[in-house]
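# Residue-level structural notes
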Number of protein chains: 2
Amino acid sequence: MTGPTTDTRARVIAAATVAFADRGVAGTSLDDLARTLGVTKQTVLYHFRSKDGLVAEVLTSGAQELEAVLLSASAQSEPGWDRIETVVRAAFGLAVARPELLGLLRELSRLGPDHSQPVLALLQPLVDAAVAELEAGMVDGRFRRSDPRLVLVSAYAAVTGVVTDGEVLRAVGVTLDLRVAARLRRTVLDFLRAALVPSAPAP
Amino acid sequence: MTGPTTDTRARVIAAATVAFADRGVAGTSLDDLARTLGVTKQTVLYHFRSKDGLVAEVLTSGAQELEAVLLSASAQSEPGWDRIETVVRAAFGLAVARPELLGLLRELSRLGPDHSQPVLALLQPLVDAAVAELEAGMVDGRFRRSDPRLVLVSAYAAVTGVVTDGEVLRAVGVTLDLRVAARLRRTVLDFLRAALVPSAPAP
DNA sequence: CTCGTTCTCTACCATTCGGTAAGGGCGTCG
DNA sequence: CGACGCCCTTACCGAATGGTAGAGAACGAG
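Summary of the structure given here. Predicted model only: the values in this text are computed from it and were never measured.

## Describing the protein's contact with DNA strand D
Close contacts around DNA strand D come from 18 residues, with Gln42 and Thr43 of chain A together with Ser29, Ser50 and Lys51 of chain B the closest. Mapped by element, the contributors of at least two residues to the surface near DNA strand D are α3 (41-47) of chain A together with α2 (30-37), α3 (41-47) and α4 (51-75) of chain B. Here the surface near DNA strand D is composed, by residue class, of 4 nonpolar, 9 polar and 5 charged.

## Examining helix α10 (residues 178-196) of chain B
Along an α-helix, a turn takes 3.6 residues, which lines up residues three or four apart on a common side. End to end, α10 of chain B covers 26 Å across 19 residues, agreeing with the expected 27 Å (1.5 Å per residue, within 8%). For α10 of chain B, the full list of buried residues reads Leu184, Arg185, Thr187, Val188, Asp190, Phe191, Leu192, Ala194, Ala195 and Leu196 of chain B. In the core, the buried residues of α10 of chain B are packed alongside α8 (148-164) and α10 (178-196) of chain A together with α5 (81-97) and α8 (148-164) of chain B.

## Focus on the nonpolar core
What tends to happen in soluble globular proteins is that the nonpolar side chains get buried as a cluster. Counting residues in hydrophobic clusters, the biggest one holds 98 residues, and the most contacted among them are Ala158 and Val159 of chain A together with Ala158 and Val159 of chain B. Aside from chain neighbours lying at most four places away, what touches Val159 of chain B is Val88, Ala91, Phe92, Ala95 and Val188 of chain B.

## Thoughts on the interface of chain B and chain A
Listed as interface residues are 45 residues of chain B and, on the opposing side, 46 residues of chain A. Elements supplying a minimum of two residues to the side of chain B that touches chain A: α6 (99-107), α7 (113-139), α8, α9 (166-171) and α10 of chain B. In terms of residue count, the dominant contributor to the side of chain B that touches chain A is α8 of chain B (12 residues). When grouped by side-chain class, the residues that make up the side of chain B that touches chain A number 24 nonpolar, 12 polar and 9 charged.

## A word on the protein's contact with DNA strand C
Near DNA strand C you find 18 residues, and of these Ser29, Ser50 and Lys51 of chain A together with Thr8 and Tyr46 of chain B are the closest. Those elements that provide at least two residues to the surface near DNA strand C are α2 (30-37), α3 and α4 (51-75) of chain A together with α3 of chain B. Its residues assigned to classes, the surface near DNA strand C comprises 4 nonpolar, 9 polar and 5 charged.

## A look at the relation of the copies chain B and chain A
Screw-axis analysis of chain B against chain A gives a translation of 0.0 Å along the axis, an RMSD of 0.0 Å, and a rotation angle of 180°. Considering both components of the superposition, the chain copies are consistent with a two-fold axis. If distances are taken from each C-alpha of chain B to the rotation axis, the shortest is found for Ala158 of chain B, at 2.1 Å. The overlap is high: 100% of the interface residues of chain B also sit at the interface in chain A, so the same surface is used on both sides.

How each quantity is defined
Residues numbered from 1 in each chain as written. Chains lettered and ligands numbered in written order. Predicted model: local features only at pLDDT ≥ 70, side-chain atom pairs only at ≥ 80, totals over all residues. Near = placed C-beta within 6 Å. Helix = DSSP H or I, 4+ residues; strand = E, 2+ residues; numbered from the N terminus. Nonpolar A, V, L, I, M, F, W, Y, C, P; charged D, E, K, R; others polar. Expected span 1.5 Å × (residues − 1). Buried ≥ 20, exposed ≤ 12 C-beta atoms within 10 Å, placed from the backbone. Contact = placed C-beta atoms within 7 Å. Core = buried A, V, L, I, M, F, W, Y, C linked by C-beta atoms within 7 Å. Least-squares fit on C-alpha atoms with pLDDT ≥ 70 in both.

Below, the structure is given as structure tokens:
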């Protein structure tokens, strides 16, 4: 059926994901994009009916990948602090291996609801599950009491901000490589553990 | 000398700051900008030699304002946890009153070094001072031992991310108003206190 | 009143933008 | 072989982009 005789389509999505996250959707022209792929703009427009269509596909593709990684991390861990640590580790893994996926999320605010809504709808169950689990942990005393939604937002902001604000990282004299990412991951996890786990024992 | 007979120039900078932070530099045309101000594009180009020139002035102007607010907050507080809390409160105040200033920082990565370098140079002393103070606190035991640069990055990412990712906030069922900002501020401060202050007493 | 400065306008330009039209190379299947 | 469908091309197009040239309104100084 859907015989992918060529991988051009996939290559366009991959390159567009990087470009959109890096220079923004408005800052990426179809000509630029096509040039980096060694094809013409019309080739891109053959596979996607318009730039808007490309944006939509890039977003849903990225969101699905994001969802898969986080879901897998969640499934491979036990509820409680272990799961939080596993998911955060997965997020930092993405931050190093595919930073454009997290960068793409930041572009959501700039695109209209037509684009952001499908992505948010796809990720909504993940958010709800995370909130529910945090709440459950707070009820039975494993986690300190606070607003789970705000904890989630803060954690998300810390992870994605760290990944995406490359320039600001440089301002404090840090460049994001594997070693720094590992230490940053520890810092964020320390933050989370200190704020969430009542007795906060060092593992 | 520099007689500002009209405030058009200032109005342009203000509107451009908001637009650049909101829709990005690439996503903001001079025509759009001028239209929101009720003037023509050529009026904008009279006050600033080019779009690039406007971008440069918007960035330095925003960076100076940012610096002033943070510096003032720092000056009005005593070293130690009190200062951290005061500065974070000032940052959240900005987040509510002038979110575009923080949003502008995120745009830095997309503009070349020619634009980001002056901003970073201006904010560098603040970063250095913060690192030095965190380090001092860690040496004399007021703060838990960790890498002050990474703590700083995490805190910055948490604050700015929370402010700028409006769409993501909505995804978790939160809209950033005064009340939410206050609770978010408390959450972030709780994070910081739990991670930094050894005995972590509730104030 | 007149001159010069400051500010904003209309008119225009070259380039780039996203998008359309049409055709050619090529493997597959009848 | 020949017709068809897939993939990518060249050749354009109208609109929007950043930017230039120059005229005119407002106004204070001489």
